[in-house]
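Reading the structure
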Amino acid sequence: MYKASQIATIIKARSSGSSADVEAAHILLDSRKLLFPASSIFFALSGPRRNGNTFIPELYAKGVRCFVVNEEFTDDDSFPGAVFLHVSDVLQALQALTAYHRQQFNLPVIGITGSNGKTIVKEWLYQLLQDDHSIVRSPKSFNSQVGVPLSVWQINAGHTLGIFEAGISQPDEMQRLEKIMAPSIGVVTSIGDAHSEGFLNIRQKINEKLKLFVRSDVLIYCADNPDLNEAVNLFAGNVRNGDDFTLFSWSRKESATLQVLATDRSDAGTTITARYQGKDMQFVIPFTDEASIENAITCSCVLLQLGISPATIAERMLQLRHIEMRLELKQGINNCSVINDSYNSDINSLVIALDFLQQQQQHTKRTLILSDIMQSGRGSAELYADVAAILEQKNIGRFIGIGPEIGRQQHAFRNIPQTAFYLSTGEFIHQFHAQHFYDETILLKGARLFEFELISHLLEQKIHQTVLEINLNAITHNLNAYQRILNPDVKLMAMVKAFSYGSGSFEIANLLQFHKVDYLTVAYADEGVELRKAGIALPIMVMNAEEVTFDVMLQYNLEPELFSFGIFDAFERYVRQSGLHHYPVHLKLDTGMRRLGFEETDIPALCERLRATQCFKVQSVFSHLAASDSPEHDGFTRQQADSFTRACALIQQATGHSFLRHIANTSAIHRHKDLQFDMVRLGIGLYGVDAAPGMQQQLKNVTTLRSTISQVKKVKAGESVGYSRKGIATRDSLIATVRIGYADGYPRLMSNGTGKMLVQGKQVPVIGNVCMDMTMLDITGIEAAEGDEVIVFGQELPVSLVASWAQTIPYEILTGISQRVKRVYFEE
């Protein structure tokens, strides 16, 4: 814990406000993640869209009294009792404080960088070394300019080893991370093209990454990458200049510290044979993919460098487990939602999982099932007292503890409304039905040895083996990609109509609300009602207002789009009869789409109606561009914009007040930046699809449709496959039947070789007609078995390509996935 005066000296800040020397133990960067107000210090970081200073009033009201702000902040006197530390750069101040904190501890630190595999190597090293050390490590993938400081801030006197990862996106970032982390052992994982956008070439990226090791004692790397090998040797000779610096290389080709002699794959895993210090060694890992083999070899080098014997390495490598790096949100029994994070259990990952739980607004009741927290480096009483305080702050309504240690500390949880404790997972399962899980969101958080997957199986709704996975991190990434393009003060309306383009309703809306979008839009009132019932408080515009839904629109505070005099008059009558005034509405103008909306010739009459009524308050006026993605129609787009501008001016004169103007859809956000006006509408781009190749490259894939093989058959040349004998085998073939059909949303147009799916990473064609519940694939030449996974579309088989095969657009494919295909939401 640091006093404010001490922090001011460390970060070279000018102090103002209260003279009280408050103490700070917890760094806070996100106002939504406040846990310990009295002992938190808020760093008011600013981004492209928001100034961190704007969150100070909210945090002050919740009890925070220590703030690091930029020199522009002058409102100190409005917050009596608070201390303000003024600096020129808030991020640099954060980094300076955590670098100082790192200097207070003389423990070995393993620093990991690379293009791929950083998090896997970090987590495997934790598995391999946890018996020897009390380890502090980066939570999840905290490896950025902000993530590394938060990771290092965790170090305390009880830790004997640190394992942190570092990632960069442009030059001159790594030296800042090096000052914070100060690794004694350096590790470079696989180097590839990932995250290369900010660098001139691969060599520049490698040289920047090596700056993490300017004070390290040893560097572990693979010498089989020529660029990396050459760069490392130049770094050792020129930068380190022959000082006490050891290179520990591994290679399958070159002479190296660890010479890999063979990698033999089998059904059980991979046997790796190597030579170290003139002696052969061998170990087995329970994986066969190339990335896992390389990561395991890298880990073995670290263990050898730490003096661990080959025999011990062989014993521990057998115990390596697959690393799940994502939280999964699934439908559960009895109208529950289940968040599965039952792969590790430490207090930092618990906080991350609880943050995700708090985003979920679909149920008012929140339940946590938590196992003993292993290898925390802290006393049990102190540890579980902190856990209990966090749960109280997060308003957890029911807590179930599993394990002997958490049971011994159950008195710490006395302020949680409902608690239960079990010695083991088996005891909990035996009494499972006594718990009565119903209409709640349940978070599972358990150490691996407690086998919480058994609990997950009981809680999750049994689902069709065809599932649509939705990557919530990718949605956030795509949202940020478009927000970076917005002009200052432009608001963002997110389109969540049609079940969020097939991705889900409240699950997506919860995420968007958490990230503070300004408006949501649905197609029909019932979609808006569902969102309100799920706890969504954002303003919601309804595009297709119908008279039969006026009552629920008012009941749930939904804002209708008025697009004709008929709907205008009908809603005005209803609002007047309800005794309301100034109800929020949105006016739709038809500037060329010729679908819905008031035409330019209607505007004078519309203005007269607006002057005459007290029922409405115009929230926004908008129109829809017909061809914003097409350069050949830019002239028409300009005509639409001009018509829109003229109409908005007249409407503003009639109403006497300003309103939000919006005409830009996904494509127009970046193709016609001058048409962003006051707000933009982000639709398909949020879900990872944009017609412009340049923008598409900046987006991440959101949805992956997966199925499985139900049966494999051998079919002779000339035999037919499927209904109407439309599929004829041209050779002796291997046919796989997959659990997806047109009732799931897979179009019949994909029949007879038009469509393809991925089996074992290879495209295979549809043979015969697509059936209602099944589709047959010709997998001749591919080794596959019943139960194997099939990718219908996803990262490696883009939905835009699948749509082109079906002679349609991605919108239709995504929105056509039926509701019997269960959605699984995950956050990495």
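In the block above lies the structure referred to throughout.
So, a few notes on the structure that sits alongside this text. In this numbering scheme, every chain counts its residues from 1 along its sequence in written order. Residue-level local features of this predicted model are given only where pLDDT is at least 70; pairs of side-chain atoms are given and counted only at 80 or more, and the full residue set underlies all totals for whole chains, interfaces and linings. Water and hydrogen atoms play no part in the side-chain values, which are based on all heavy atoms of the structure.

1. Thoughts on the sheet that holds strand β6 (residues 66-70)
The following threshold applies: DSSP calls a pair of strands paired once it identifies at least 2 bridges connecting them. Numbering goes from the N terminus for both helices and strands, where a helix is a DSSP run of H or I of at least four residues and a strand is a run of E of at least two. Every angle, taken between N-to-C directions, lies between 0 and 180 degrees, and every axis is a line fitted to C-alpha atoms, over only the stretch in contact when it is a helix.
Spatially, the five strands line up as an open sheet ordered β2-β7-β6-β5-β4, and their pairing is mixed. In the strand order of this sheet, the two ends are held by β2 (14-17) and β4 (26-28), each with one partner. Across the sheet, the axes of successive neighbouring strands diverge by a mean angle of 25°, strand direction being ignored. Here strand β5 (residues 40-43) runs beside β6; their pairing, made up of three bridges, is parallel. For Phe42, the partnering residue across the bridge sits in β6 and is Phe67.

2. Considering the packing of helix α1 (residues 4-11) against helix α3 (residues 90-103)
The test is simple: Roughly parallel refers to an angle under 35 degrees, roughly antiparallel to one over 145, roughly perpendicular to one between 65 and 115, and oblique to any angle outside these ranges. Any pair of residues with heavy atoms lying within 4.5 Å of one another is described as a contacting pair.
Where α1 meets α3, the axes come as close as 9 Å, and the angle between the chain directions of the two elements is 105°. Taken as axis vectors, α1 and α3 run roughly perpendicular relative to one another. Touching Gln6, Ile7, Ile10 and Ile11 of α1 are Ala93, Ala96, Leu97 and Tyr100, all from α3.

3. Regarding the pattern of salt bridges
Close approach of charged atoms allows side chains with opposite charge to pair. The criterion, for reference: A carboxyl oxygen of Asp or Glu within 4 Å of a side-chain nitrogen of Lys or Arg is what we treat as a salt bridge. Remark: exposure states derive from per-residue accessible area (1.4 Å probe, protein chains only) relative to the maximum for the residue type, with buried under 20%, exposed over 50%, and partly exposed in between.
In total, this model carries 32 salt bridges according to the counting rule given. In this structure, Glu165 engages Lys122 in a salt bridge whose closest nitrogen and oxygen atoms are separated by 3.2 Å. In this pair, Glu165 sits in strand β10 (residues 161-165) while Lys122 sits in helix α4 (residues 118-129), placing the two residues 43 residues apart along the sequence. In terms of burial, Glu165 and Lys122 fall into one category: buried. Residues Arg646 and Glu600 are paired through a salt bridge, measuring 2.8 Å at the closest nitrogen-oxygen approach. Of this pair, Arg646 sits in helix α23 (residues 634-655) while Glu600 sits in the loop between β28 (583-589) and α22 (603-612), placing them 46 residues apart in sequence.

4. Some remarks on helix α9 (residues 290-305)
Stated precisely, the cut-off is as follows: How far a helix is expected to stretch is found by multiplying one less than its residue total by 1.5 Å.
Over its 16 residues, α9 extends 23 Å from the first C-alpha to the last, a length consistent with the 22 Å expected when each residue adds 1.5 Å. Of all 16 residues that make up α9, 12 are buried, and the element is covered over most of its length. Among the residues of α9, those classed as buried are Ser292, Ile293, Asn295, Ala296, Ile297, Thr298, Cys299, Ser300, Cys301, Val302, Leu303 and Leu304.

5. With respect to the pairing of strand β29 (residues 616-623)
Selection rule: Here, the term right-handed applies to a crossover whose path from the first strand over the helix to the second runs clockwise when the strands point away from the viewer.
Of all eight residues making up β29, six are buried, and the element is well covered by its neighbours. Where β28 and β29 come together, seven bridges link them in parallel fashion. Across the sheet, Val585 pairs through a bridge with Val618, a residue of β29. Once the chain exits β28 it traverses α22 before rejoining the sheet at β29, and the crossover so formed is right-handed. When β29 meets strand β30 (residues 660-662), the two strands line up parallel, connected through three bridges. Its bridge partner being in β30, Phe622 is matched across the sheet by His662.

6. Some points on the packing of aromatic side chains
Short version of the rule: Planes of paired rings set the category: under 30 degrees apart is stacked, over 60 is edge-to-face and the rest tilted, where pairs are Phe, Tyr or Trp rings (Trp by its six-membered ring) whose centres lie within 6.5 Å. In our convention, an over-ring charge means Lys NZ or Arg CZ found within 6 Å of a ring centre and within 35 degrees of that ring's normal.
One pass over the full model with this rule turns up 25 aromatic pairs. The interplanar angle of 75° and the centroid separation of 5.8 Å between the aromatic rings of Phe235 and Phe245 together place this pair among those described as edge-to-face. Taken together, the positions of Phe235 in helix α8 (residues 226-239) and Phe245 in the loop between α8 and β13 (246-251) put the pair 10 residues apart, joining distant regions of the chain. Accessibility assignment for this pair places Phe235 and Phe245 in one class, buried. Put simply, the rings of Phe42, Tyr60, Phe67, Phe73, Phe79 and Phe84 pair up and form one aromatic cluster. One residue, Arg137, lies across the ring of Tyr126, its end atom 3.7 Å from the ring centre. Its guanidinium or amino end placed over the ring of Trp805, Lys756 lies 5.0 Å from that ring's centre, counting from NZ or CZ.

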